[in-house]
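Below are the chains, spelled out letter by letter.
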Amino acid sequence: MKESSAQPLFRRRLRGEELHHFLESIAAQGTGADGLLFLCIGTDRSTGDALGPIVGTLLEEAGYRHVVGTLASPLDASNMVERIKQVPLQDYTVIAIDACLGQQASLESYQVSNQPIEPGKSLGKLLPPLGDYSIAAIVNVDTGQKYAILQSTSLYRVMRMSREIVSAVQKVFPVGGQDV
């Protein structure tokens, strides 16, 4: 991960159509598509937690070269520490992407930040914070039984939110001149 500039730390909640504004703030730091590394966190074994690997797969299919965490090879709690050791994070601007639970008013929005994401924190897992920037997609409402909620989260919602993230990335960081 690169040293962050003197930007003040922030966390903001955005709707899908606003995601490109957050990504434009990253591009304004001089980063292009080849300088980005996407850490797409989650597992394909839980509908709600599959957002990261779905985003990773869609980014890879769109031609992004530096993606860790796909449906074929998820980046999850069981392998995260070991896989992260194998990635030269310092060579890239790292965007960590994960699903999360939130309040009803925040459902289907995104918590974005110029700080690392803390994967598994709400589930009591002790995993390393990841990313120079983070996008947490609020895929369902947190009503206490986190595992059950993630298991029963709408796949339609997860797919739609995954596509919103990828569309925003493609708009701001087109690969090979492509744009959506």
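Refer to the structure presented above.
Before going into details, it helps to say that this report is about the structure given with it. Worth saying up front: this structure is predicted, and the values here are computed from it rather than measured. (Residues numbered from 1 in each chain as written. Predicted model: local features only at pLDDT ≥ 70, side-chain atom pairs only at ≥ 80, totals over all residues. Heavy atoms only, no water.)

### Overview of unusual backbone geometry
Then comes step 1: Residue Glu108 is not a glycine yet carries a positive backbone phi of 70°.
Then comes step 2: Along the chain, the position of Glu108 falls in the loop between strand 4 (93-102) and strand 5 (110-113). (Helix = DSSP H or I, 4+ residues; strand = E, 2+ residues; numbered from the N terminus.)

### A word on helix 1 (residues 19-27)
Since one α-helical turn is 3.6 residues long, residues separated by three or four positions face the same way.
Then comes step 1: Within helix 1, the full set of buried residues consists of Leu19, His20, Phe22, Leu23 and Ile26. Projected down its long axis, helix 1 shows its buried positions confined to an angular sector of 155°, all on one face.
Then comes step 2: Where helix 1 is buried, its residues touch strand 1 (11-14), strand 2 (36-40), strand 4, strand 5, strand 6 (133-141) and helix 5 (155-172). (Buried < 20%, exposed > 50% of the residue type's maximum accessible area, 1.4 Å probe, protein only. Arc of directions from axis to C-beta. Contact = heavy atoms within 4.5 Å.)

### Let's talk about the pattern of salt bridges
Then comes step 1: Within the structure shown, the criterion is met by 6 salt bridges.
Then comes step 2: Residue Lys146 is joined to Asp142 by a salt bridge in which the shortest nitrogen-to-oxygen separation is 3.0 Å.
Then comes step 3: Here the residues in one salt-bridge network are Glu108, Arg157, Arg160 and Glu164, joined through shared partners. (Salt bridge = Lys/Arg side-chain N within 4 Å of Asp/Glu carboxyl O.)

### A short note on the side chain of Ser162
Then comes step 1: You can see Ser162 is positioned in helix 5.
Then comes step 2: What Ser162 contacts, discounting residues up to four positions off in sequence, is Leu51, Ile54, Val55 and Leu58.

### Describing the environment of Arg12
Then comes step 1: With respect to the helices, strands and loops of the structure, Arg12 is situated in strand 1.
Then comes step 2: Once the C-alpha coordinates of Arg12 and Met159 are considered, the two residues, 147 residues apart in sequence, prove to be 22 Å apart.
Then comes step 3: Not counting residues up to four positions away in its chain, the partners in contact with Arg12 are Tyr110, Gln111 and Val112.

### Let's talk about the side chain of His20
Then comes step 1: Residue position: His20 is located in helix 1.
Then comes step 2: Classification of His20 by relative accessible area gives buried; the value is 13%.
Then comes step 3: Within polar-contact distance, the side chain of His20 engages the backbone oxygen of Glu17 at 3.2 Å.
Then comes step 4: Contact partners of His20, with chain neighbours within four places excluded, come to Ala168, Lys171 and Val172. (Polar contact = N/O pair within 3.5 Å; in protein donor to acceptor, adjacent residues only side chain to side chain.)

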